[in-house]
Amino acid sequence: MSYQPGRHFLQIPGPTNTPLPVLAAIAKPTIDHRGPEFGKLGLEVLSGIKTIFKTESPVVIYPASGTGAWEAALVNTLSPGDRILMVETGWFSTLWSRMAKKLGLEAEVIPGDWRHGVDAAVIGAKLAEDKAKAIKAVCVVHNETSTGVTSGVAAVRKAIDQAGHPALLLVDTISSLGSIDYRHDEWGVDVTVGGSQKGLMLPPGLSFNAVSDKARAAAKAATLPRSFFDWEEMIAINGKGYFPYTPSTNLLQGLKVAIEMLHAEGLDNVFARHDRAAEATRRCVRHWGFEIQCANAAEYSSALTAVRLPEGHSADALRATILERSNMSLGNGLGPLADKVFRIGHLGDFHELMVTGVLTGVEMGLAACGIPHKPGGVQAAMDYLGGNAARMAQAAE
Ligand SMILES: *Cc1c(COP(=O)(O)O)cnc(C)c1O
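Residues numbered from 1 in each chain as written. Predicted model: local features only at pLDDT ≥ 70, side-chain atom pairs only at ≥ 80, totals over all residues. Heavy atoms only, no water.

Participant: Got a minute to help me understand the domain arrangement of the protein chain in this structure?
Facilitator: Frequently, the measure chosen for interface size is the accessible area removed from exposure when the parts meet. If you check the domain split of the protein chain, you get domain 1 (20-263) and domain 2 (266-396). If you average the C-alpha positions of domain 1 and of domain 2, the two centres end up 29 Å apart. Taken residue by residue, the interface counts 28 residues in domain 1 and 27 residues in domain 2. Summed over both partners, the interface of domain 1 with domain 2 buries about 2,200 Å², with 60% contributed by carbon and sulfur atoms. Here domain 1 is connected to domain 2 by one salt bridge. In this structure, E291 and R115 form a salt bridge, with 2.8 Å as the shortest nitrogen-oxygen distance. Counting every contact that joins domain 1 to domain 2 gives 13 residue pairs in polar contact (both at pLDDT 80 or more). Mapped by element, the contributors of at least two residues to the side of domain 1 that touches domain 2 are α2 (36-53), α4 (91-102), β6 (143-144), β7 (149-150) and α9 (249-265). (Domains from an automatic or database assignment. Contact = heavy atoms within 4.5 Å. Buried area = accessible area lost by both parts, 1.4 Å probe. Salt bridge = Lys/Arg side-chain N within 4 Å of Asp/Glu carboxyl O. Polar contact = N/O pair within 3.5 Å; in protein donor to acceptor, adjacent residues only side chain to side chain. Helix = DSSP H or I, 4+ residues; strand = E, 2+ residues; numbered from the N terminus.)

Participant: Can you help me understand the sheet that holds strand β2 (residues 59-62) in this one?
Facilitator: Working definition: the strands of a sheet are paired by backbone hydrogen bonds and lie parallel or antiparallel to each other. Reading across the sheet, the seven strands line up as β2-β10-β9-β8-β5-β3-β4 and stay open at both edges, with mixed pairing between neighbours. Pairing within the sheet leaves two strands with one partner each, and these edge strands are β2 and β4 (106-110). Geometrically, the sheet is characterised by an average inter-axis angle of 20 degrees between neighbouring strands, direction not taken into account. Pairing geometry for strand β3 (residues 83-87) and β4, over five bridges, is parallel. (Pairing = 2+ DSSP bridges. Axes fitted to C-alpha atoms, helices over the stretch in contact; angles between N-to-C directions.)

Participant: I tried to follow the packing of aromatic side chains on my own but got confused; where do I start?
Facilitator: We describe a pair of aromatic rings using the distance from one ring centre to the other and the angle between the two ring planes. Under the definition given, this model contains nine aromatic pairs. An angle of 80 degrees between the planes, with centres 5.2 Å apart, marks the rings of Y182 and W187 as edge-to-face. The same class applies to Y182 and to W187, which are both buried. Ring geometry for W288 and F290: centres 6.3 Å apart, planes at 50 degrees, overall tilted. F290 shares its class with W288; the two are buried. (Phe/Tyr/Trp six-rings, centres within 6.5 Å; stacked < 30°, edge-to-face > 60°. Buried < 20%, exposed > 50% of the residue type's maximum accessible area, 1.4 Å probe, protein only.)

Participant: Can you walk me through the site of the ligand in this structure?
Facilitator: The local shell around the ligand holds 13 residues, among which S65, T67, T145, D172 and K198 are the closest. Residue T145 places a side-chain N or O atom 2.4 Å away from an oxygen atom belonging to the ligand. Burial of the ligand by the protein amounts to 88% of the accessible area it has alone, namely 380 Å². Element by element, the count of residues in the shell around the ligand is highest for helix α3 (residues 66-77), at three residues. Classifying every residue of the shell around the ligand by side-chain character gives four nonpolar, seven polar and two charged. (Near = heavy atom within 4 Å. Areas by Shrake-Rupley, 256 points an atom, 1.4 Å probe, with all protein chains shown as cover. Nonpolar A, V, L, I, M, F, W, Y, C, P; charged D, E, K, R; others polar.)

Participant: Is there a simple way to think about the UniProt feature "binding site: substrate" (unreviewed entry) in the protein chain in this case?
Facilitator: The residues that UniProt annotates with the feature "binding site: substrate" (unreviewed entry) are R343. Tracing the backbone through its elements, the reader meets R343 in strand β14 (residues 341-345). Classification of R343 by relative accessible area gives buried; the value is 6%. What R343 contacts, discounting residues up to four positions off in sequence, is Q11, P13, T145, S146, L304, T305, A306, L330, G331, N332 and L334. (UniProt positions renumbered as here; feature names shortened; annotations may be inferred.)

Listed below in structure tokens is the structure:
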């Protein structure tokens, strides 16, 4: 057995570090999923998770990764050949649109540069052109995990309403739920797709669909084949806290504790903690002299930061060095950003000392790899987190 002393830093933007109380809950003995103890747990998590999505509507929980919940959102609401509108914000939006095409949907993808979020005005214009109301759904990724760009979902809802268009709004919040404010009901989202292994601080294996009344009505007429992912069978039996097939009992034990932890801290405090970690990270990255992949400050993600390395330097070699020297995993560049970008996940069970620890590991890695940078980025992060106004003003000069 080989052993690397100290804790591994899992700083990819999901899966994230699982806190000990959640791990302990998952490690409890597996229980009978049709017995009374499970029914009680089922009711608790099914109602608790609604408070995280900020919805009164049902939230369906699947024993599947986020990709399963993407598929569930599409197959429950749509029929073969349906037109849908999607927006290319990065790798994850691209995967979702590929899935839609594989399922036999006619997905029109609004192109993007992977440095900006969703432009609600473009969506509004496309819908206004659609006089026949043939577009059945608009699909957007709230937090694009490949680029560190967060899009405004409320603005998309407004654009759909202003166009007087009946399309459903489907939103992927897999890497924002529990890290960045999200409001299923208030923003008028029809299906919200979530996952367990990012802001919710659980291991991978659970995913979610929050489902509006309008989406449930659409499901009655939708004819894409579905069985495992069918909402109505789930929702019917969920009423008593049970599931139509074996749920991930142990992960649900963990979910109960994760929800309690988020509320014990307070959701607004959780979001503010993520905002601070992200701001400290960006100050550090700028000090080093690197560009942030997100080109619009209003769309910076509080869950992760994607960092562009100068031409001619390998982000993958840097990540490999950091893993070997500092026992820390950072996210890789995806698709066209491969080897050009690395991603720092600052989400989930994460505090300020971890922020500076992560940035220290990166700064040491930059030096080890001979990548030109201005040393002292970690100090810039510390000045911000410590509220050292004098030093921050000095740095701004
Ligand atoms: C992680 C992620 C996914 C994919 O989820 P899996 O659990 O890997 O299937 C989809 N969308 C976004 C935005 C993600 O961050």
